[in-house]
Amino acid sequence: MFPWRPYAAAVSVGVTALAAFNTWITAVPLFTARLAGSPFEHTFEALVSAVFNWTNLGAQVLVLVSTTASTPSFPRFLNSPMRRLKAGLALHFGVFNATLLLVHADYLSPEIFFAVILWCVAMSAIAAALMMSVYAVLSGAPPILSQAVSSGNGIAGFVVSLGALIVVLGSEKTFHVFDKQSDSIMIAFSSAISVITYMSLPWLPTDHTEDENFDYVPVDQIDENDIIDEEIDSLIPVQLIFGRIAKHASAIFINFAITLFVFPALTVSVKPISTNIKSTDVFTGTMFVAFNLGDCLGKLLPGFPGCQTDNANFLLYFAIARAMFVPILMVCNVPKPSLLPVLIGDYGFIWVVFLMGISNGWVGSDVLMVGPSAAGADTDEDRPRTEMQQQQARRVAADALVVSLTLGLAAGGAASVLMV
């Protein structure tokens, strides 16, 4: 019987985890309007992306370090994936309620508004990082639930891009439209969805090791002469865990680095060739919808029989092969720099972006489904690993794969300046 309730709860977590960044990007015109005439007006959007992405990455690295530290030098709750998830949802709720109040606080000066909003962006990034602990929570559950979280991410991206396109088509406004009422609704929705998600957490499966205080000891710190049988359960060889998921981590890193290298930096610069397409904003909006639809479908695919693979080599080579999208996009109608002839028309370009989205979603979803299981597999016949050790290995692997994903986004985003 299909686990509908756990699946719905996992999808809800995925939607909420991505809702923060989508909300900030969607509401950028609202915030920049408040900063009109100030020195921050033209740099705010770039700062929002930079502050969110780097704070999110820093928080994820902190979580990974805390769960693999050989000494308990971090807050105890960081070692519990479910506690991290709950803390992330609570923080997300608080941040966007505060943001909703700020939107209507017209008495604040641009300087104070700027500082407070960026603080909210940073706090929401930490919340998103904590919510990504859901992969560690589900690392011992059926892999279909990890796929559900990825699908929630995809659904969030698709709905936001589709909504933006509908606004453009219906109002003849630019793609980045300023609408205080609609942006306020988006912020309120982002806050409300965290409450719904929190209430659905009891549907997620848990395991008996949730509250255990494990010490993750690096291999080079283990002196086998000092180990007694009763202590074996508390010794987790971190390097072995990382070694088992090295190809999975490389695949997800390369996958997202390639995507962010060209999307959206290069793809937004592609202009329509056909004279029948009168609005560049509609064309750009369609491109975003095509990518996010493909990404959402790609994240759903590993949930179907025959569409999932646990072959780490194949995942890695497939991720590397996605580099072919770079030269393919370069022969679309890129006005600047136009280094190559235009060989692909408008509809061909949309299909290329759609396929890039499908492949991006499939690799990311599949890796997060099978990677933790590869780390927790018991392959040592001479010294079998206990169920508790396997579960802890899966959790560390899940956290490490999430960090690899975020590193790929950061690397691809940084390299994308070459495409501007």
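Residues numbered from 1 in each chain as written. Predicted model: local features only at pLDDT ≥ 70, side-chain atom pairs only at ≥ 80, totals over all residues. Heavy atoms only, no water.

### Regarding the overall build of the chain
As a reminder, the rule being used: Where helices and strands are cited, they refer to DSSP runs of H or I of at least four residues and of E of at least two residues respectively, numbered from the N terminus. Using a 1.4 Å probe on the protein chains alone, a residue whose accessible area is under 20% of its type maximum counts as buried, one over 50% counts as exposed, and one in between counts as partly exposed. The contact criterion used throughout is that any non-hydrogen atoms of two residues lie within 4.5 Å. Note on areas: Shrake-Rupley with a 1.4 Å probe; residue coverage comes only from the protein chains shown.
Each helix and strand in the chain was counted, giving 15 helices and 0 strands. Taking all 420 residues of the chain together, the buried fraction comes to 51%. Residue pairs at least 24 apart in sequence account for 83% of intrachain contacts in the chain once pairs closer than 6 positions are excluded. Total accessible area on the chain stands at roughly 18800 Å², and carbon and sulfur atoms take up 66% of it.

### Description of the pattern of salt bridges
For clarity, the threshold we go by: For this document, the term salt bridge refers to a Lys or Arg side-chain nitrogen within 4 Å of an Asp or Glu carboxyl oxygen.
Within this structure, the stated rule accounts for 2 salt bridges. With its nearest N and O atoms 3.1 Å apart, the salt bridge here joins Asp399 to Arg84. Of this pair, Asp399 sits in helix 15 (residues 387–415) while Arg84 sits in helix 4 (residues 81–103), and the two are 315 residues apart along the sequence. In this structure, Asp295 and Lys299 form a salt bridge, with 3.0 Å as the shortest nitrogen-oxygen distance. Taken together, the positions of Asp295 and Lys299, both in helix 11 (residues 280–300) and 4 residues apart, correspond to about one turn of that helix. Considered together, Asp295 and Lys299 belong to a single accessibility category, that of buried residues.

### Topic: the packing of aromatic side chains
How we decide: Pairs were defined over the aromatic rings of Phe, Tyr and Trp, the Trp ring being its six-membered one, requiring ring centres within 6.5 Å. Orientation was assigned from the angle between planes: stacked under 30 degrees, edge-to-face over 60, tilted for the rest.
Counted by the stated rule, this structure contains 11 aromatic pairs. Pairing Phe21 with Phe52 gives two aromatic rings, centres 5.2 Å apart and planes at 50°, and the pair type is tilted. Taken together, the positions of Phe21 in helix 1 (residues 4–26) and Phe52 in helix 3 (residues 44–68) put the pair 31 residues apart, joining distant regions of the chain. On the basis of relative accessibility, which here comes to 23%, the residue Phe21 falls in the partly exposed class. Aromatic side chains Phe283 and Phe349 sit 5.6 Å apart centroid to centroid with 25° between the ring planes, which places their arrangement in the stacked category. Of this pair, Phe283 sits in helix 11 while Phe349 sits in helix 14 (residues 346–376), placing them 66 residues apart in sequence. Neither residue differs from the other here; Phe283 and Phe349 are each classed as buried. Grouped by ring-pair contacts, the aromatic residues Phe2, Trp4 and Tyr7 constitute a single cluster.

### Observations regarding the confidence of the model for the chain
Stated precisely, the cut-off is as follows: The predictor rates its confidence in each residue with pLDDT, a number between 0 and 100.
On average, residues of the chain score 82 in pLDDT, and 83% of them reach the 70 mark or higher. Taken element by element, the predicted model of the chain shows its lowest mean pLDDT in helix 2 (residues 28–34) (75) and its highest in helix 12 (residues 312–321) (96).

### Brief notes about the packing of helix 1 against helix 4
We apply this condition: Between N-to-C directions, angles cover 0 to 180 degrees, with each direction set by a line fitted to C-alpha atoms, over the stretch in contact for helices. For any helix crossing, the convention is left-handed if the near helix is rotated counterclockwise from the far helix by under a right angle, and right-handed if that rotation is clockwise. Each residue is assigned to one class: nonpolar for Ala, Val, Leu, Ile, Met, Phe, Trp, Tyr, Cys and Pro, charged for Asp, Glu, Lys and Arg, and polar for all the others, Gly among them.
At a minimum axis distance of 11 Å, the contact between helix 1 and helix 4 shows a crossing angle of 35°. Along this stretch, helix 1 crosses helix 4, giving a crossing that reads as left-handed. On helix 4, the residues touching Val13, Thr16, Ala19, Ala20, Thr23 and Trp24 of helix 1 are Leu85, Leu89, His92, Val95, Phe96 and Thr99. For the contact of helix 1 with helix 4, a count of residues per class yields 8 nonpolar, 4 polar and no charged.

### Details of the nonpolar core
For clarity, the threshold we go by: For our purposes a nonpolar core is just a set of buried Ala, Val, Leu, Ile, Met, Phe, Trp, Tyr and Cys residues, chained together by side-chain atoms within 4.5 Å.
Ranked by internal contacts, the top residues of the largest apolar core, which has 53 residues, are Leu85, Val134, Tyr135, Leu138 and Leu204. With 9 residues, the single largest contributor to this core is helix 15. If we ignore the near neighbours within four places in the chain, the residues touching Leu85 are Val13, Leu130, Met131, Ser133, Val134, Leu201 and Leu204.

### Here we look at helix 10 (residues 246–262)
Spelled out, the test is: A helix's residues, less one, multiplied by 1.5 Å, set its expected span.
Between its first and last C-alpha, helix 10 extends 25 Å over 17 residues, near the 24 Å set by a 1.5 Å rise per residue. Where helix 10 is concerned, the buried positions are His248, Ala249, Ala251, Ile252, Asn255, Phe256, Ala257, Ile258, Thr259, Phe261 and Val262.

### Concerning a nonpolar patch on the surface
Just so we agree on the cut-off: Residues with no salt bridge and a relative accessible area higher than 30% make up the patches, which join like charges within 9 Å and nonpolar side chains (Val, Leu, Ile, Met, Phe, Trp, Tyr) within 5 Å.
A surface patch of nonpolar side chains, amounting to about 290 Å² of accessible area, comprises Phe93, Val195 and Met199. In this fold, Val195 is placed in helix 8 (residues 180–200).

### Here's the deal with the side chain of Ser404
Mapped onto the fold, Ser404 is located in helix 15. On the basis of relative accessibility, which here comes to 12%, the residue Ser404 falls in the buried class. Those residues in contact with Ser404, other than ones at most four positions away along the chain, are Ala249, Ile252 and Phe253.

### Details of helix 15
Its 29 residues place the ends of helix 15 42 Å apart at the C-alpha level, agreeing with the 42 Å of an ideal helix rising 1.5 Å per residue. Where burial is concerned, most of helix 15 is hidden: 21 out of the 29 residues are buried.

### Quick word on the environment of Leu401
If you trace the backbone, Leu401 turns up in helix 15. With relative accessibility at 0%, the residue Leu401 sits in the buried group. Contacts of Leu401, omitting those with residues within four sequence positions, involve Ile245, His248, Ala249, Ile252, Val367, Leu368, Gly371 and Pro372.

### A few points about the environment of Pro264
Mapped onto the elements of the fold, Pro264 is located in the loop between helix 10 and helix 11. Taking relative accessible area as the criterion, Pro264 reaches 33% and is therefore assigned partly exposed. For the pair Pro264 and Ser416, spaced 152 residues apart in the sequence, the C-alpha separation amounts to 8.6 Å.

### A closer look at the side chain of Asn292
Mapped onto the fold, Asn292 is located in helix 11. Residue Asn292 is classed as buried on the basis of its relative accessible area of 12%. Ignoring anything within four residues of it in the chain, the contact list for Asn292 reads Gly154, Gly157, Phe158 and Ser161.

### What to know about the environment of Ala321
Along the chain, Ala321 turns up in helix 12. For the pair Ala321 and Ile258, spaced 63 residues apart in sequence, the C-alpha separation works out to 9.9 Å.

### Some thoughts on the packing of helix 3 against helix 5 (residues 110–131)
Where helix 3 meets helix 5, the axes come as close as 8 Å, and the angle between the chain directions of the two elements is 35°. Crossing handedness for the pair helix 3 and helix 5: right-handed. The residues of helix 5 that touch helix 3, namely those facing Phe44, Leu47, Val48, Val51, Phe52, Thr55, Asn56, Ala59, Gln60 and Val63, are Phe114, Ile117, Leu118, Val121, Ala122, Ser124, Ala125, Ile126, Ala128, Ala129 and Leu130. The residue makeup of the contact of helix 3 with helix 5, split by class, is 17 nonpolar, 4 polar and no charged.

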